[in-house]
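# Residue-level structure breakdown
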Amino acid sequence: MFDSLSERLDAVFRKLTGRGKLSEADVETGLREVRLALLEADVNYKVARDFIARIRERAVGAEVMESLTPGQQLVKIVHDELVVLLGTERAPLTYAPAPPTVVVLAGLQGSGKTTTAAKLALHVRREGHRPLLVSTDVRRPAAMEQIEVLARSLSLPSFAPRGTLPVEIARRSPEEARRVNADVILLDTAGRLQVETELLQELRSIVDAVPARHLILVLDAMTGQQAVAVTTAFQETVPLTGAVLSKTDGDARGGAALSLRAVTQIPIQFVGTGEKLTDLEVFYPDRIASRILGMGDVMSLIEKAQEHVDVEQAQDMEKRLRQGRLTLTDFMDQLRQIKKMGPLEGLIGMLPGAGRIKDLAGAMPSDGQLRQMEAIILSMTPLERERPELIDGSRRRRIARGAGTDLASVNRLLKGFNQMQQMMKQMGKGRGKGTRGLPIDPAQLLR
Amino acid sequence: MNAPPEDQPASARPGFWRRFSQNLEAGRRAYVADLKEVFGRPAIDPTFWDDLEATLLAADTGVAVATRAVERLRQEAAGAHLRTPADALAHLKGILGAEMAPRPRSLNLDGRPAVVLVVGVNGSGKTTTIGKLAFWLRRQGRRPLLAAADTYRAAAIDQLRALAQRAQVEVVAHQPGADPGAVAFDAVQAALARGADVVLVDTAGRLHTRADLMEELRKVRRVLQRLDPNAPQEVLAVLDAHVGQNSARQVKVFAEAIGLTGLAVAKLDGTARAGVVLGIEEELGVPTKLVGIGEGLEDLDAFDPSEYLDALLRMEAT
Ligand SMILES: Nc1nc2c(ncn2[C@@H]2O[C@H](COP(=O)(O)OP(=O)(O)OP(=O)(O)O)[C@@H](O)[C@H]2O)c(=O)[nH]1
Ligand SMILES: Nc1nc2c(ncn2[C@@H]2O[C@H](COP(=O)(O)OP(=O)(O)OP(=O)(O)O)[C@@H](O)[C@H]2O)c(=O)[nH]1
Ligand SMILES: [Mg+2]
Ligand SMILES: [Mg+2]
C-alpha cells in the first residue's frame, strides 16, 4: 500500500526540488499534481481539496518563497500536513483494568471483520491474554461456522450460539468468557451498509449490551470515495474508538486511510496484510507518512533488523545514519547484516527511495565482491575507517596493496562512500536533493 | 430474501422490501433537495462545472474520466445549446449512454453444461452473487449446479451450501484444502450426469497482486477447457461497489490472467456508485453485466446503463 502514491509524489517533488527558485505558478502546478496524485490514490475529493488549500496557504507565504530551497520547503510542508492527516500517535489495544476487555468489530459487508477478529485474538494471546471469539452474525450464511473454524485453528474458544438474537449473544458473552476463563472478548458483528438505518440501530444495541472498551471499524484499504461517508455514518451511530485497515497487501494506494483519519480523527490501530491470521501489523502513522513521501521507513527497518541485530547497535546506527556520521566500519556491518536479514524485497521497501528497489535487488554485491570490499576496509587503519577523508594517494596505494587489489577499486569504494555520506547528511537536515537514492547503495561503491 | 434462514429468528432481519423502500425513500429525499439546488439555477455558471466534476469524482469515476467528461461537455455546450445544468446533465447522459449501449450484456450460457467462472478479490461478493445467480437462473427454468472451488477460506464451503439450499440447487464440494481444479472438474462431470445445464464455479478471493494465485485460476480454467474447449462460457469478476480506483487494476490483471467476459458489481444498494466501471468499460472493454443490490437471493439485477447513469449523475451539493 501507498507505494504508487509515493512514486507519484516523488515525481512531483523531483521537479520542484530541482529548481533554485519557485514562482507562484510553479507552486500551483506542483499543488495541482499533488491533488491529482491524491485523487488517483482514492483520497476523498473533499479531503484532498482541504489538504491542498492548507498547503497553498502555507506555501505562498514567506516561509517558502523567500527560502533558499523553496522546493524542499514545500515538500516539508506536504510532509508535515500528511503527518497531521495521519495522526502522530499510535493507538495500541489497551486492556480493561477489570476483565473482560470487550472489543467489538464493525463495518461494511466483506470488509474483513471476522478475519480481523481472529487476527486480533492471536495478537491478544501473544500479549499474554486469553481471548474468546464471539459471533453475533446471524445473518450471513455460515458466518458462525467461519468464526468457529478460525477459533479452532488457533485452539481458542468461540461462542456462536444459533437461534439467538445478536443483542442477546452480546449480552451473554461476558458470562461465557468467565466460564471459559477468557479475559478478552473479540465480538464479531454482521456486515452492514451505512444506509441501513435499522441495522445500524442493531449495532448500537449490541454495543450497549456489553461493556465495550474498543469499538473498531474494519475498513477495506481499497475503499474509494465512500470511505468518509461510511466512517461518519458508523461514527454517528456508535462511538468508534479505532480502525483496522484490511487488505493492505494489495496495491491499494491508501486513500481510504488518509481520508478516514482526516475526517473522523479515529486512529488506525492495525493493518491487515494478508489472509493468514498472522497477517496483522501495528500501524505507525508517522512512519507511514515518511514512507508515502519516499523518505523511507527507517524505524520499521530497524525493527525488522532486531531479530538479527543487536538493538542498541541498530539504534546507534540509525542515529549516525541520520547525522551522516556513518563510517566504513558501519558500512561493512550493514552489508553483512543486510545479507543475513534477507528476503531483500520487504526490507528494501522500507528504505528511502524504495522506488529503486529493482536497481538494488540486482546490485547486491556477490560474496566475492563483498569479500573484496571487506578486504579493502580491513586494510585501513582504524583511524582511516573513522575518517576516510584522511586517506590520500599514498594511503590508497598502501590499502590497495594490503587488500590485494588495484588502486581503482579503492578509489571507487571511497568515492561511493563519500557520496553516500553526503546524502545521509542532507537527509538528517531534512529532505534534500539527492535523498532519493538509497543511503546504502552497494552498486555505487562497486561501479 | 424468500424465507428467513433457519439459523436465525425471523424478527432479527427486517423485511427486504421494507428496508429497500426505506433506502429508496431516504435516497429520494436527498436527491430532490440536490436537484432543486443544482437545477434551480437558471444557467450554467462556472461552479456548475466544478460541481459536476466533484459529483463524478465522488462517484469514483477517477480523475481521467471526470476530466474528460467535463471537458467534452464544455466544448459541446455551445453547439448543443446547453443552457441549464439540466441540459448539460441530459447531454452527458446521452454521450455516456451511447458509449455503453452497444456493449453485449447478456450472459452467454450456450454450453452443455455452460460454465460460469466467478472470480475476484477477497470479500467482494462472489459467493453471494453465485447464490443469487443460481436462484435467478432457476427461476428462468435453468438447472444450475454450484462448484465449491473456494477450498481455502474458513467455512466458504458451508456458506455456499447454505446459499444452495435456499436457492434449491445442488452443490459439488470436496474437503477444505482440496484442489480447486479438481472440484470444478467434478462439478462439470456431475452436471453432465445429473442433467444440470449451468455450472457456477465459486473461487477463493484473491488479490490480483498475487501472481501465484492468478496461476491457480489459470489452472482451473485449463481443467475446464479439457472438458469443453469453449468453457468457461463466462468468466465474471465480482467487484465491490465501494472499492475505488483499485477496481480498474483488479479488472486489468484478472483480464490479462484469465480473460474476463463481464463484471458483476455487488453492494450497489448503498450509496456507492462504482463510477470506476465507466473507465473500465472504455479502457479495458469489459462490460458490466450484473449488479448486486442486497444480501438476499433475489437482490440481483441485470446492469442497465441508463439507470446506472441516473444514479451516477445524481448531483450532490458539495
Ligand atoms: N488479502 C487479504 N485478505 C483479507 C484480509 N483481511 C480479510 N481478508 C479476506 O477478505 C475476505 C472477507 O473477510 P471476512 O473476514 O469474511 O469479512 P467480513 O467483514 O467478516 O464479511 P461479512 O461478515 O460478510 O460482512 C476473506 O476472503 C478474507 O480472507 C487482508 O488483510 N488481506
Ligand atoms: N448489501 C449487500 N451486501 C452484499 C451484496 N453482495 C454480497 N454482499 C455481502 O458481502 C459479504 C461478502 O460476500 P461474499 O459473497 O461472502 O464475498 P466473497 O467475494 O465470496 O468473499 P471471499 O470468498 O471471502 O473472497 C457478505 O456479507 C454478503 O452478504 C450486495 O449486493 N449488497
Ligand atoms: Mg463476517
Ligand atoms: Mg466466497
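Since this is a predicted model, take the numbers as computed values, not measurements.

## A few points about the overall build of chain B
The helix and strand inventory of chain B stands at eleven helices and eight strands. By residue count, 50% of the 318 residues in chain B fall in the buried class. Counted over contacts in chain B with a minimum sequence separation of 6, partners at least 24 positions apart contribute 77%.

## Description of the pairing of strand 2 (residues 131–135) of chain A
Residue and element names in this part refer to chain A. Taken across its five residues, strand 2 has five buried, putting it largely inside the fold. Residue alternation in strand 2 divides its side chains into two sets, Pro131, Leu133 and Ser135 and Leu132 and Val134, and both sets are buried. As defined by bridge partners, strand 2 adjoins strand 3 (residues 158–159) across two bridges and the pair is classed as parallel. The partner of Leu133 across the bridge, within strand 3, is Ser158. Handedness of the crossover is the feature at issue here: the chain leaves strand 2, passes through helix 7 (residues 143–153), returns alongside strand 3, and the resulting connection is right-handed.

## Let's talk about the packing of helix 4 (residues 85–100) of chain B against helix 11 (residues 305–312) of chain B
All names here are of chain B. Direction vectors running N to C along helix 4 and helix 11 enclose 145°, while the axes themselves pass 10 Å from each other. Where helix 4 crosses over helix 11, the two elements pack in a sense that is right-handed. For the pair helix 4 and helix 11, the contacting residues are Lys93, Leu96, Gly97 and Met100 in the first and Pro305, Ser306 and Leu309 in the second.

## Things to note about the site of ligand 1
Around ligand 1, a shell composed of 27 residues is seen, among which Thr115, Gly191 and Gly272 of chain A together with Asn122 and Gly123 of chain B lie nearest. Taken together, the residues near ligand 1 originate from chains A and B. Of the residues forming the shell around ligand 1, the biggest block, three residues, is contributed by helix 6 (residues 113–126) of chain A. Residues belonging to the shell around ligand 1 are distributed by class as follows: four nonpolar, 15 polar and eight charged.

## Examining the nonpolar core
Side chains that are nonpolar tend, in soluble globular proteins, to be buried together. Judged by nonpolar contacts, the single largest core of 187 residues is most densely connected at Val104 and Leu133 of chain A together with Leu146, Ala147, Val199, Leu200 and Val201 of chain B. For this core, the leading source of residues is helix 6 (residues 156–167) of chain B, giving seven residues. Here Leu146 of chain B is in contact with Ile130, Ala134, Leu160, Ala164, Val169, Val171, Leu200 and Asp202 of chain B, once residues within four sequence places are set aside. Within the second largest apolar cluster, 13 residues are counted, among which are Leu328, Ile376, Ile377 and Ala403 of chain A.

## A short note on the site of ligand 2
As a matter of local geometry, ligand 2 sits amid 26 residues, with Gln109 and Gly110 of chain A together with Thr128, Gly205 and Gly292 of chain B nearest to it. Around ligand 2 the close residues trace back to chains A and B. Element by element, the count of residues in the shell around ligand 2 is highest for helix 5 (residues 126–139) of chain B, at three residues.

## A short note on the domain arrangement of chain B
Many authors give the size of an interface as the accessible area that is lost as the parts come together. Residues and elements named next belong to chain B. Taken domain by domain, chain B comprises domain 1 (16–100) and domain 2 (114–302). Here domain 1 and domain 2 have C-alpha centroids that lie 32 Å from each other. Taken residue by residue, the interface counts 13 residues in domain 1 and 13 residues in domain 2. Where the side of domain 1 that touches domain 2 is concerned, the elements lending two or more residues are helix 1 (16–39), helix 3 (63–79) and helix 4. Each residue belonging to the side of domain 1 that touches domain 2 can be placed in one class, and the counts come to eight nonpolar, three polar and two charged.

What counts, and at which threshold
Residues numbered from 1 in each chain as written. Chains lettered and ligands numbered in written order. Predicted model: local features only at pLDDT ≥ 70, side-chain atom pairs only at ≥ 80, totals over all residues. Helix = DSSP H or I, 4+ residues; strand = E, 2+ residues; numbered from the N terminus. Buried ≥ 20, exposed ≤ 12 C-beta atoms within 10 Å, placed from the backbone. Contact = placed C-beta atoms within 7 Å. Pairing = 2+ DSSP bridges. Right-handed = clockwise from strand over helix to strand, strands pointing away. Axes fitted to C-alpha atoms, helices over the stretch in contact; angles between N-to-C directions. Left-handed = near helix turned anticlockwise from the far one by under 90°. Near = placed C-beta within 6 Å. Nonpolar A, V, L, I, M, F, W, Y, C, P; charged D, E, K, R; others polar. Core = buried A, V, L, I, M, F, W, Y, C linked by C-beta atoms within 7 Å. Domains from an automatic or database assignment.

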